[in-house]
Amino acid sequence: MDRRPLRRSAAQKLGSYNRRTWGAYLLNSELFVKRYEATAEPAAYPDFGCSFETFTNSEILELETLGPMITIGPGESVAHTEQWSAHRPVAIREWTDAELDRALASIVS
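In this report, the structure presented in the accompanying data block is examined. These numbers were taken from a predicted model, which means no experiment stands behind them.

Some points on the overall build of the protein
What the protein contains, in helices and strands, is two helices and six strands. The order of α-helices and β-strands along the protein, N terminus first, is β-β-β-α-β-β-β-α. C-alpha atoms of the protein, sized along the principal axes, occupy 55 × 35 × 25 Å. Across the protein, every contact between residues at least 6 apart in sequence was considered, and the portion connecting residues at least 24 apart equals 56%.

Structure, rendered in structure tokens:
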């Protein structure tokens, strides 16, 4: 399998809503996973209802969770909690849905 880094000249951004949001980044055999539990319905979230966004260009990859848009008053606070984990070794033999399910299901479930 070709393991050379993919280079894209144009920036790309993707967003989605999922009650049990997670995103992952695999570098060689090391996997970083970020989890977030959405606390409101999609209409409360920015960027057309996204609880998760990923952005990439030729320099970076960003995994971002978003909280609902709320108004807080003086003296009030809000928390946004993410759970991070790292795993190795993780091997992806080929980039198919079945292979990703095999390699990641026990990690992200």
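Details of the nonpolar core
Grouped burial of nonpolar side chains is what soluble globular proteins tend to show. The biggest cluster of nonpolar side chains holds eight residues, and these are Leu 31, Val 33, Val 90, Ile 92, Ala 103, Leu 104, Ile 107 and Val 108. Listing elements by their share of this core, those giving two or more residues are β3 (30–37) and α2 (97–108). Looking at which element gives the most residues to this core, the answer is α2, with four residues.

A look at the sheet that holds strand β4 (residues 52–56)
Ordered by their spatial adjacency, three strands build an open sheet running β1-β4-β5, and the pairing between neighbours is antiparallel. The sheet is open, and its two borders are formed by β1 (12–16) and β5 (61–65), each paired with just one other strand. On average, each strand axis in the sheet is inclined to that of its neighbour by 10°, with strand direction left out of account. Pairing between β1 and β4: five bridges, direction antiparallel.

What about the sheet that holds strand β6 (residues 83–87)?
Reading across the sheet, the three strands line up as β2-β3-β6 and stay open at both edges, with antiparallel pairing between neighbours. Since the sheet does not close on itself, it has two edges, and those belong to β2 (20–27) and β6, each with one partner. Across the sheet, the mean angle separating the axes of adjacent strands is 15° when strand polarity is ignored. Of the strand pairs in this sheet, β3 and β6 are connected by five bridges, and their pairing is antiparallel. When the bridges of β6 are listed, Lys 34 appears paired with Trp 84. Packed onto the sheet, α2 meets β2, β3 and β6 and runs at close to 50° relative to β3.

Conventions and cut-offs
- Residues numbered from 1 in each chain as written.
- Predicted model: local features only at pLDDT ≥ 70, side-chain atom pairs only at ≥ 80, totals over all residues.
- Heavy atoms only, no water.
- Helix = DSSP H or I, 4+ residues; strand = E, 2+ residues; numbered from the N terminus.
- Contact = heavy atoms within 4.5 Å.
- Core = buried A, V, L, I, M, F, W, Y, C linked by side-chain atoms within 4.5 Å.
- Buried < 20%, exposed > 50% of the residue type's maximum accessible area, 1.4 Å probe, protein only.
- Pairing = 2+ DSSP bridges.
- Axes fitted to C-alpha atoms, helices over the stretch in contact; angles between N-to-C directions.

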